[in-house]
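Spelled out from the first residue to the last, the chains are:
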Amino acid sequence: MSLDAHPEQRVIPRHVGIIMDGNGRWAKAHHLPRIEGHRRGAQLVRDVAGWAVDAGVRQLSLYAFSTENWSRPQQEVRGLMQLLSMMARSMLKELRQNGVRLRVLGDVARLPQDARDAVLRACEQTQDGDTLDLVLCLSYGGQQEIVAGVRKALAWAMAQPDPQAAIAALDEQRFREFLWRADLLPVDLLIRTGGEMRISNFHLWDAAYAELCFLDVYWPDFTRALFFNALSDYAGRERRFGLISEQLSG
Ligand code: IPE
Ligand code: IPE
Ligand code: MG
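A brief report on the enclosed structure follows. Remember, it's a predicted structure, so these values are computed and weren't measured experimentally.

So, about the site of ligand 1. As a matter of local geometry, ligand 1 sits amid Met20, Asp21, Gly22, Asn23, Gly24, Arg25, Arg34, His38, Ala64, Asn69, Arg72 and Leu80. In the model, an oxygen atom of ligand 1 is placed 2.8 Å from a nitrogen or oxygen of the Asp21 side chain. Contact between ligand 1 and Gly22: an oxygen atom at 3.4 Å from a main-chain N or O atom of the residue. Relative to its free-state accessible area of 380 Å², ligand 1 is covered by the protein chains to the extent of 87%. When residues of the shell around ligand 1 are traced back to their parent elements, those giving at least two are helix 1 (23-29) and helix 2 (34-55). Considering each element in turn, the shell around ligand 1 owes the most residues, three residues, to helix 1. Partitioning the shell around ligand 1 into residue classes produces three nonpolar, five polar and four charged.

Residues in close proximity to ligand 2 include Ile19, Met20, Asp21, Tyr63, Ala64, Phe65, Asn69, Arg72, Arg192, Arg198 and Ser200, which together make up its full environment. Between ligand 2 and the protein, one listed contact pairs an oxygen atom with a side-chain N or O atom of Ser200 at 2.6 Å. Contact with the protein chains removes 78% of the 390 Å² of surface that ligand 2 exposes when unbound. For the shell around ligand 2, the leading source of residues is strand 2 (residues 59-66), giving three residues. Considered class by class, the residues forming the shell around ligand 2 number five nonpolar, two polar and four charged.

Next up on the list: helix 2. With 22 residues, helix 2 extends 31 Å from end C-alpha to end C-alpha; this agrees with the ideal 32 Å at 1.5 Å per step. After helix 2 finishes, the residue Gly56 shows a positive phi value of roughly 85°.

The subject of this paragraph is the packing of aromatic side chains. What the rule picks out here adds up to 13 aromatic pairs. Judged by centre distance (5.7 Å) and plane angle (50°), the rings of Trp156 and Phe178 are tilted. Placement of Trp156 in helix 5 (residues 142-158) and of Phe178 in the loop between helix 7 (172-176) and strand 5 (189-192) is noted, with a sequence separation of 22 residues between them. Under the relative-accessibility criterion, Trp156 is labelled partly exposed at 34%. Judged by centre distance (6.4 Å) and plane angle (85°), the ring pair of Phe222 and Phe227 falls under edge-to-face. According to the relative accessible area criterion, Phe227 is buried, its value standing at 0%. Taken together, the ring pairs in this structure connect Trp51, Trp219, Phe222, Phe227 and Phe228 into an aromatic cluster.

For the rest of this paragraph, the subject is helix 8 (residues 224-235). Across its twelve residues, helix 8 extends 17 Å between first and last C-alpha, which sits within 8% of the 16 Å expected from 1.5 Å per residue. Taken residue by residue, helix 8 has Phe227, Phe228, Ala230, Leu231, Ser232, Tyr234 and Ala235 as its buried positions. Elements that come into contact with the buried residues of helix 8 comprise strand 1 (15-19), helix 2, strand 5 and strand 6 (211-214).

Relative to the assigned elements, Ser85 resides in helix 3 (residues 74-97). Among all residues touching Ser85, those that are not within four sequence positions of it are Asp114, Ala115 and Ala118.

Further remarks concern the sheet that holds strand 3 (residues 100-105). Reading across from one edge, 3-4-2-1-5-6 is the order of the six strands in this open sheet, with parallel pairing throughout. Bordering the open sheet on either side are strand 3 and strand 6, each of which pairs with just one other strand. Each strand axis lies, on average, 20° off the axis of its neighbour in the sheet, ignoring direction. The strands touched by helix 8 within the sheet are strand 1, strand 5 and strand 6, with strand 5 carrying the most contacts at an inclination of about 140°.

Thresholds applied
Residues numbered from 1 in each chain as written. Chains lettered and ligands numbered in written order. Predicted model: local features only at pLDDT ≥ 70, side-chain atom pairs only at ≥ 80, totals over all residues. Heavy atoms only, no water. Near = heavy atom within 4 Å. Polar contact = N/O pair within 3.5 Å; in protein donor to acceptor, adjacent residues only side chain to side chain. Areas by Shrake-Rupley, 256 points an atom, 1.4 Å probe, with all protein chains shown as cover. Helix = DSSP H or I, 4+ residues; strand = E, 2+ residues; numbered from the N terminus. Nonpolar A, V, L, I, M, F, W, Y, C, P; charged D, E, K, R; others polar. Expected span 1.5 Å × (residues − 1). Phe/Tyr/Trp six-rings, centres within 6.5 Å; stacked < 30°, edge-to-face > 60°. Buried < 20%, exposed > 50% of the residue type's maximum accessible area, 1.4 Å probe, protein only. Contact = heavy atoms within 4.5 Å. Pairing = 2+ DSSP bridges. Axes fitted to C-alpha atoms, helices over the stretch in contact; angles between N-to-C directions.

Structure representation (structure tokens):
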């Protein structure tokens, strides 16, 4: 199904988040080592960025490695980090051609130097891209992001003439400024492949009102058609943000 199938398609999500899950199980199903699943999965990243550009999505954030993933077997972590370095280098030309600006979200300081250098260089060299923000979530955890935000907010408040008043004035909008990427839009559509129905510490703050889409395919089997299906499904949802239908139509 294409987007055209939905006449009332007034909403292209501005920010799509994807939990790219199922690489390991894909590999197992194909009698391959887990890292081969990750390799296939990594190859898809540039494709999805292209589909998002075609669809007119502004921000695409891809959950590539969680804070908790550091506790996986060292060999797998090492393989993933090598893959990340290779991917950041090999994607560069295409990202630039497509006007994609690469950014990272997460505790990048934990990445091994080679991976960190490659990713940060790719971010720097694509900084003029104005078609799509491709946000790679690396060493990312939603809880960790919020705790870091609280620390920052408190430090800021302590430095104010009246710290108590500064803390009392913190509301959702102001607090949002203290999170890792102040310029991220709220997640409109959150897609998770791999069949699990959970958030796994992704975008806890920004996905407060995201529409959720859980797909029963492993990440390496994700396709353009599935991506556009998810957008089409999203376009048919009524986002009420706590209100009632009648309030929205007015
Ligand atoms: C997602 O695939 C990629 C990462 C978490 C790095 P998984 O590696 O979690 O694959 P499954 O869930 O074991 O199949
Ligand atoms: C979520 O997948 C993290 C990424 C896709 C990067 P996991 O495989 O780590 O999540 P759980 O352990 O199934 O919740
Ligand atoms: Mg998984």
